[in-house]
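# Topology and contacts: notes
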Amino acid sequence: MVSDYSGNKAGFKGLDKEKIARIIAESSTAKWKAHIRESEEKLEARVCELKKEIAMLSDGQVRKAENDMDELIAELEGERIMDNVFVHIDMDAFYAAVEMRDDPKLRSVPMAVGDTSMLCTSNYHARKFGVRSGMPGYIALKLCPQLKMVGVNFTKYRKASKEVQEVFDEYDENLAMGSLDEAYMNITNHVRSRDGPRTFDRIRYKGDCVCRFPLVSENDPIGNTVPSEASEECSKCKKTRIAVSDQLTFGRSDGDIVNEIRFRVEQKTGLTCSAGIAANWMLAKICSDLNKPNGQYLLERDYATITNFVQELEVRKVSGIGPATEGTLKGIGIKKCRDFIKQRGILRLTFSAISYNWFMRVGLGIGNGACMVNEKQRQKNISNETSFSPTKDPETCMEILRRLCKELAETIKSNQIVGGKTLSLTLRKSTFERMTRSKQNVYLISTSNQMFNIASQLLFKELEDGRNEFRLFGVGLSKLQFSDEDNKPVNAATTTMLDTYFKQGRIENNLNQPETYYDGEISITKIENRQTKERVEVVSNENVTKPKVTDKKHNKPIIRGAMDRFVQKDMPIKCAGVRNQTSLDSFVTTLNKRKSEPELIIIIDDDKDEVEGLTISTSKKAKLC
DNA sequence: GGGCAGGCCATAA
DNA sequence: TTCCATTATGGCCTGCCC
Ligand SMILES: Cc1cn([C@H]2C[C@H](O)[C@@H](COP(=O)(O)OP(=O)(O)OP(=O)(O)O)O2)c(=O)[nH]c1=O
Ligand SMILES: [Mg+2]
């Protein structure tokens, strides 16, 4: 039943659930529905297997498992902590809120961030129509024809995220950002060291101009000073804006402090957020959703309250339990968290140790003693992917792949990543079926050409018989090497050289790990083919990739001197890199004095994407001299 | 038996 | 007419090589 399609009249309650489900079902394409059905069937099959497995279990087995589980529970109880104040903060309708703040026209209408193919999120007005994150825009438009869609502006979201993080930092310097819009904090130290209430200036705005946030609202708490008003003309809309200034004081209780954090976030960014406060992050995260938007929920940190809370908690509310796990658990009678404890025997006998351990932690309301976000570790993968209208044309596919590789090469640079050892290609067929093909390289993959070399080989195999039609490609790197990590087994210049060298067909696959030695700025890398025993030695200098570094005295690129020193040592070289034609000429002159010359000299031109490889013959050498 | 490479799946925002 | 995204993390499985 629909009370009002416009969504603007008073008393509008939105579309009802059945209507929403019907419209979504009617709007979905056949291919998508088939894809969904397939995953549902897979899940059903898994549940079926699981049930069979359980039916085979004897009472004795289950009882024994329950006893073992009780021991585990006792152990976990010992780990329970309730004296720390954990907080999870999550921005309200984050991307949408940023867009609404920056464009008043979007504030009073149902709107979403994304495009016709996919929405990242929607504002609360649009949510009444069933429009939400992860919904295709064209379906959202059927649910809500007047929906206003805005494209994504990641730069703005990153800026806002950084601003709120600065506030959080003051309450927990070890905070962990779970994403752009959420933070995990432990404010115990702040609570303990806080000696009393804190007072902050508050500025709100009213008047004809609505450009600046936050606006004065009836729901705002009363300030503890008489508000003073100052009138000014808005430079953007030219209307009058009245800044209302007063002060607000926050006490020292957990709830007061979190209110203070949320207040400061809104003052600083014009954005609201919601918070959960509890004995651990698992519970805090669940609680941050309970009073959304612009609210908070404090779950008392005592055993009875926590146990009680967990009894009725649906498993799906727990972060980490998604549709598949929910479905599986439902199949064995687990819907609420208390069922974890009830079914502990079966869980122990049918799930992995990691899983049942975690299920018990959830059932007891203990959570992961640690943080759910692993802040300490460095990024492990970097990737990009793109969807397109389905095609099987190799030319088109390769073109898309090349573009992805180029973009990835740029992205890693701006992330201080030199390269990665493993490249993975993600493919999605027109049926939405996903596959990945990956290859670990013996040396670092850094440039777009190196990426494309490997990725195109992987893709070629899947394109061969023309049976596959694709709708998405992705390229990613893992086993990353960051530029500030000094322990570089093979530097960027060397990998470029190796890549160019091997492209000439001297050595196929089956390479052993390269060994690299350093001598000052020079690196000597040896790499051997396991089968043919052919050895390649590569000399390179970090400065090859850093043209700014020059020998001040002689005003020459340092590589010259470095190479000379190297050559004097009379080491055999098969492959060498120089940075420009001048370097090459003088290097060849030096090499002429030597018995063994490189088979290949590679000119690395920082301005060029392609790398030029020169095979040096005696005659050519003469010419180059 | 362990460790690694390559693949799939689940999850989250 | 468009016709279900993108980026990242972690578990688990299989096959292979020690
Ligand atoms: C769930 C989801 C979020 N996002 C983005 C857009 C969201 O604004 C942002 C934060 O996600 P969420 O916090 O899940 O959602 P939200 O902040 O928009 O709304 P809520 O008030 O319920 O917290 O992450 C995606 O890009 N894809 C997704 O599937
Ligand atoms: Mg949010």
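Cut-offs used in this document
Residues numbered from 1 in each chain as written. Chains lettered and ligands numbered in written order. Predicted model: local features only at pLDDT ≥ 70, side-chain atom pairs only at ≥ 80, totals over all residues. Heavy atoms only, no water. Buried < 20%, exposed > 50% of the residue type's maximum accessible area, 1.4 Å probe, protein only. Helix = DSSP H or I, 4+ residues; strand = E, 2+ residues; numbered from the N terminus. Contact = heavy atoms within 4.5 Å. Donors = N, O, S within 2.8 Å, 3.2 Å for Na, K, Ca; no water. Tetrahedral: all angles 85-135°; square planar, octahedral: opposite > 155°, others 65-115°. Near = heavy atom within 4 Å. Polar contact = N/O pair within 3.5 Å; in protein donor to acceptor, adjacent residues only side chain to side chain. Nonpolar A, V, L, I, M, F, W, Y, C, P; charged D, E, K, R; others polar. Expected span 1.5 Å × (residues − 1).

As annotated in an unreviewed UniProt entry, chain A carries the name DNA polymerase kappa and is attributed to Rhabditophanes sp. KR3021.

## Considerations on helix α4 (residues 94-102)
A turn of α-helix holds 3.6 residues, and therefore any two residues three or four places apart point the same way. α4 sits mainly inside the fold: 8 of its 9 residues count as buried. Residues of α4 that are buried include every one of F94, Y95, A96, A97, V98, E99, M100 and R101, and no others. On the buried face of α4, the contacting elements are β1 (86-91), β2 (111-114), β3 (119-122), β4 (148-150), α7 (154-169) and α9 (254-269).

## Concerning the coordination of the magnesium ion (ligand 2)
The protein atoms that coordinate the magnesium ion (ligand 2) are D90 (OD), M91 (O) and D181 (OD), at distances spanning 1.9 to 2.2 Å. Coordination at the magnesium ion (ligand 2) comes from 6 donor atoms whose angles at the metal span 79 to 178°, giving a geometry best classed as octahedral. Counting residues between consecutive donors of the magnesium ion (ligand 2) along the chain gives the motif D-M-x89-D. Of this pair, M91 sits in strand β1 while D181 sits in the loop between β5 (176-179) and β6 (182-186), and the two are 90 residues apart along the sequence. A residue is classified by how much of its surface remains accessible, and D181, at 17% relative accessible area, is buried.

## Side note on the site of ligand 1
The environment of ligand 1 is made up of 13 residues, and the closest members are D90, A93, T121, Y124 and R127. A distance of 2.9 Å separates an oxygen atom of ligand 1 from a polar side-chain atom of D90. A93 is positioned such that a nitrogen or oxygen atom in its backbone is 2.8 Å from an oxygen atom of ligand 1. At the level of elements, β1, α4, β3 and α5 (124-127) are the ones that each hand at least two residues to the shell around ligand 1. A class-by-class count of the residues in the shell around ligand 1 yields 6 nonpolar, 2 polar and 5 charged.

## So, the protein's contact with DNA strand C
Taken together, 27 residues lie around DNA strand C, and S28, S352, S383, E385 and S387 are the ones closest in. Within 4 Å of the protein, the contacting atoms of DNA strand C are drawn from sugar and phosphate to the extent of 69%. Between N381 and DNA strand C, the recorded distance is 3.1 Å, taken from a side-chain N or O atom to a phosphate oxygen. R428 has a polar side-chain atom sitting 3.2 Å from a phosphate oxygen of DNA strand C. If one sorts the elements of the surface near DNA strand C by residue count, strand β12 (residues 381-391) sits on top with 7 residues.

## Topic: helix α17 (residues 448-463)
Its 16 residues place the ends of α17 21 Å apart at the C-alpha level, agreeing with the 22 Å of an ideal helix rising 1.5 Å per residue. For α17, the buried fraction is high: 12 of the 16 residues fall into the buried class. Taken together, the buried positions of α17 are occupied by S448, N449, Q450, M451, F452, I454, A455, S456, L458, L459, E462 and L463.

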